[in-house]
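An overview of the molecular structure
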Amino acid sequence: MSFKYLRAKTTLVSTILFFAGVGHSQAEAIQEAGRFDYRIEIPAGETDPATFIPVTAIRGVKPGPTLFISTGVHGYEFAPILAAEKLADDIDPNLLSGTVLLSRPSHVSALESRSPYVNPYDNKNLNRSFPGSENGTQTERIAHALATQLIANADFVVDVHSGDGAEWLHPFIGVYGGALASDYPSALRFAEAFGIPAIVRYQMRTQAQIDKGRSLNRQGVAASAPTILVEIGQNGGRDPAHVKAIVSGLKAGMQTLDMLPISEARQTTQHRYYEGTHSVPVGHSGIWHPTETGGRDVTQGDVLGEIRDYSGAVVETVTATASGFAMYGLAGPPVRKGESVMTIALPVDSLE
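What counts, and at which threshold
- Residues numbered from 1 in each chain as written.
- Predicted model: local features only at pLDDT ≥ 70, side-chain atom pairs only at ≥ 80, totals over all residues.
- Heavy atoms only, no water.
- Salt bridge = Lys/Arg side-chain N within 4 Å of Asp/Glu carboxyl O.
- Helix = DSSP H or I, 4+ residues; strand = E, 2+ residues; numbered from the N terminus.
- Buried < 20%, exposed > 50% of the residue type's maximum accessible area, 1.4 Å probe, protein only.
- Core = buried A, V, L, I, M, F, W, Y, C linked by side-chain atoms within 4.5 Å.
- Contact = heavy atoms within 4.5 Å.
- Phe/Tyr/Trp six-rings, centres within 6.5 Å; stacked < 30°, edge-to-face > 60°.
- Lys NZ or Arg CZ within 6 Å of the ring centre and 35° of its normal.
- Polar contact = N/O pair within 3.5 Å; in protein donor to acceptor, adjacent residues only side chain to side chain.

Overview of the pattern of salt bridges
Side chains that differ in charge, positive against negative, can pair when their charged atoms come close. Tallied over the full model, the rule gives 11 salt bridges. Between Glu-275 and Arg-201 there is a salt bridge, and its shortest N-O distance comes to 2.5 Å. With Glu-275 in strand β10 (residues 272-281) and Arg-201 in strand β8 (residues 198-203), this residue pair connects regions lying 74 residues apart in the sequence. Under the relative-accessibility criterion, Glu-275 is labelled partly exposed at 23%. Here Asp-211 ties to Arg-214 by a salt bridge, and the two come within 2.3 Å at their closest N and O atoms. With a relative accessible area of 36%, Asp-211 lands in the partly exposed category. Using a relative accessible area of 11% as the deciding quantity, one classes Arg-214 as buried.

A few points about the nonpolar core
Ranked by size, the top nonpolar core spans 39 residues in total, and within it Ile-69, Phe-156, Val-158 and Ile-228 carry the most contacts. Put simply, the parts of the chain that give this core at least two residues each are β3 (62-71), α3 (78-90), β4 (97-103), β5 (156-161), β7 (172-177), α6 (184-193), β9 (227-231) and α9 (240-256). Setting aside anything within four residues of it in sequence, one finds Ile-228 in contact with Phe-156, Val-157, Val-158, Asp-159, Ile-173, Gly-174, Val-175, Ala-187 and Phe-190. Core analysis: the next-biggest nonpolar cluster, separate from the first, contains 24 residues, Ile-40, Leu-126, Leu-146 and Ala-225 among them.

Focus on unusual backbone geometry
Between Arg-104 and the following residue, Pro-105, the backbone shows a cis peptide bond with an omega angle of 5°. Mapped onto the elements, Pro-105 comes out in the loop between β4 and α4 (108-112). Across the junction of Gly-332 and Pro-333, the peptide omega takes the value 0°, indicating a cis bond. Along the chain, Pro-333 turns up in the loop between β15 (324-330) and β16 (334-335). Its identity is not glycine, yet Asn-123 carries a phi of approximately 60°, on the positive side. Following the sequence through the fold, Asn-123 ends up in the loop between α4 and α5 (138-150). Notably, Asp-258 is not glycine yet its phi reads approximately 60°, a positive angle.

Here's the deal with the packing of aromatic side chains
Counting across every chain of the model gives six aromatic pairs. Here Phe-156 and Phe-190 contribute two aromatic rings whose centre-to-centre distance is 4.9 Å and whose plane-to-plane angle is 20°, an arrangement assigned as stacked. Pair noted here: Phe-156 is in strand β5 and Phe-190 is in helix α6, with a separation of 34 residues, a long-range link. The buried category is assigned to Phe-156, whose relative accessible area is 0%. Residue classification places Phe-190 among the buried positions, given a relative accessible area of 0%. Positioned over the ring face of Phe-52 is Arg-39, at 3.7 Å from the centre of the ring.

Some details on the environment of Arg-214
Secondary-structure assignment places Arg-214 in the loop between α7 (207-211) and α8 (216-222). Counting along the chain gives 45 residues from Arg-214 to Met-259, while the straight-line C-alpha distance between them is 29 Å. Residues in contact with Arg-214, not counting those within four places in the same chain, are Asn-127, Arg-128, Ser-129, Phe-130, Pro-131, Gln-207, Gln-219 and Ala-222. In terms of polar contacts, Arg-214 uses its side chain to reach the side chain of Asp-211, at 2.3 Å.

Worth remembering: the numbers are spatial, not functional.
In structure tokens, the structure reads:
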């Protein structure tokens, strides 16, 4: 089944480049098939400096959808950032239908300061700051630019992440369904083609789910674009196998959108499906000692670890809040009161 795109226009890339501050003559240069590397400039704010979002735009020889791929929303998630470099070099415009917009990375300030989770100037999490504000802090200005110049012009959104500095993570794909999501079947086809067995569906039933601490992927949902989340890698790693899996998975997904020719070597994956997740919040700050750090089945009530105070006394024994599959969590040692130390995905037979 072909992906039915609505927004892609022959002038899309030049329009994006013009509003990003690129001159008309340069913008018009990519009316033909090819690659264009540019920056979305983020002006200085009242209390923090200017920054930019580096973007690669690749336009194919044939018409087709516009795919926005975001990497590096969190600056310490290195595997997706390295994968973006490889993907940009791999895509041949002569084989491409449509346009790929690739942010590489989305959050330069966090990358250059080696800052997990948050922006070094305003201490805000970019992935909880959408849709942002043109006149806000640096994080909010970055979110506004991503939302208005890239996500708003995309027919399909892929947000690629990995486990941050102190996170373990089992690879999975998140796909957005429910009454407020757009074209869930196309999102699921992309997710299933990626080659990662674990797929979690997030049901978007209410506007509050989309708006509360809005992430980039939920901004995609708000913009009526089919959206998936990719998570692979952990502890700020840069494993070449993870980089390779991201690149090959994105190419396989693009085939489901009819953006690339179907590969004869396309792999078949035995999937495991999950419907939503449960968090495991804790009641104390201190030193976290998990019993294990890795994907595994857990049963409600299982002991997951203990928290010790700064004198070494055990102040909390943490147990699983649900039965399911431990998908990701904190590797420790730091933990703060109210944080979740594990996310448990709830297994189902199918996501159809």
